[in-house]
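Descriptive analysis of the structure
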Amino acid sequence: MADKKKQNCDCCCDHKHDVHEHDCDCGCESVDEDVVVLQDEDGNDIPFYYITTLEHDGKEFVCLQQADDEDPIVEIFELQEVEEDGEPFYNFLPIEDELYDLLYKQLLEVTGEEDDCDDPDCDCHHHDKK
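Residues numbered from 1 in each chain as written. Predicted model: local features only at pLDDT ≥ 70, side-chain atom pairs only at ≥ 80, totals over all residues. Heavy atoms only, no water.

Moving on to the sheet that holds strand β7 (residues 87-93). Within the open sheet, the five strands sit side by side as β3-β4-β5-β6-β7. Their pairing is antiparallel. In the strand order of this sheet, the two ends are held by β3 (35-39) and β7, each with one partner. Each strand axis lies, on average, 50° off the axis of its neighbour in the sheet, ignoring direction. Where strand β4 (residues 45-56) lies against strand β5 (residues 59-66), eight bridges are found, and the strand directions are antiparallel. Looking at the pairing, Tyr49 lines up with Gln65 of β5. (Pairing = 2+ DSSP bridges. Helix = DSSP H or I, 4+ residues; strand = E, 2+ residues; numbered from the N terminus. Axes fitted to C-alpha atoms, helices over the stretch in contact; angles between N-to-C directions.)

Once that is clear, we can look at helix α1 (residues 97-111). In a regular helix each residue adds 1.5 Å, so 15 residues correspond to 21 Å; α1 covers 21 Å between its end C-alpha atoms and thus fits that length. Three or more residues of α1 are buried, namely Tyr100, Asp101, Leu103, Tyr104, Leu107 and Leu108. Where α1 is buried, its residues touch β4, β5 and β6 (74-84). Of the residues flanking the end of α1, it is Gly112, one or two places downstream, whose phi is positive at about 75°. (Expected span 1.5 Å × (residues − 1). Buried < 20%, exposed > 50% of the residue type's maximum accessible area, 1.4 Å probe, protein only. Contact = heavy atoms within 4.5 Å.)

On to a negative patch on the surface, then. On the surface, a cluster of negative charge is made up of Glu55, Glu60, Glu81, Glu83, Glu84, Asp85 and Glu87. For the negative patch, the element with the most residues is β6, which contributes three residues. Here Asp85 lies in the loop between β6 and β7. For Asp85, a relative accessible area of 76% corresponds to the exposed category. (Patch = residues over 30% accessible without salt bridge, like charges linked within 9 Å, V, L, I, M, F, W, Y side chains within 5 Å. Areas by Shrake-Rupley, 256 points an atom, 1.4 Å probe, with all protein chains shown as cover. Salt bridge = Lys/Arg side-chain N within 4 Å of Asp/Glu carboxyl O. Lys, Arg positive; Asp, Glu negative; His and termini not counted. Charge placed at Lys NZ, Arg CZ, Asp CG, Glu CD.)

Side chains that differ in sign of charge can pair as their charged atoms come close. Enumeration according to the criterion identifies one salt bridge in this entry. A salt bridge links Lys59 to Glu78, with the nearest nitrogen and oxygen atoms 3.9 Å apart. With Lys59 in strand β5 and Glu78 in strand β6, this pair connects stretches of sequence that are 19 residues apart. On the basis of relative accessibility, which here comes to 41%, the residue Lys59 falls in the partly exposed class.

Looking at where Val82 falls in the secondary structure, it is placed in strand β6. When residues no more than four places from it in sequence are discounted, the contact partners of Val82 are Glu87, Pro88, Phe89 and Asn91.

Put into structure tokens, the structure is as follows:
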């Protein structure tokens, strides 16, 4: 879902890197500004691609896609802005399944993509549960 884009990595290797598939063997590390690293409850870092931010009922929600997963799913979190030591940052709050379904449909409209999951028994959250 996240658009791939090229960027210079300042490695002096005279080419641009695909920021989601950096394997040119030039020895540099490309910085991907679209990657957000979150920590799970065990303190493990989990990279996500930033997709977009949505608004609903006066609140902001961030849409992220797991970067290191073979079958990546879209996670949607409510953004809560807080301030610590005079510096603003965001908490990513989980949302209810019903709100996820609504925001996922909004995400598909914004991105112009279609839901490509055809398994109604999956745990994607975006299928109408019966």
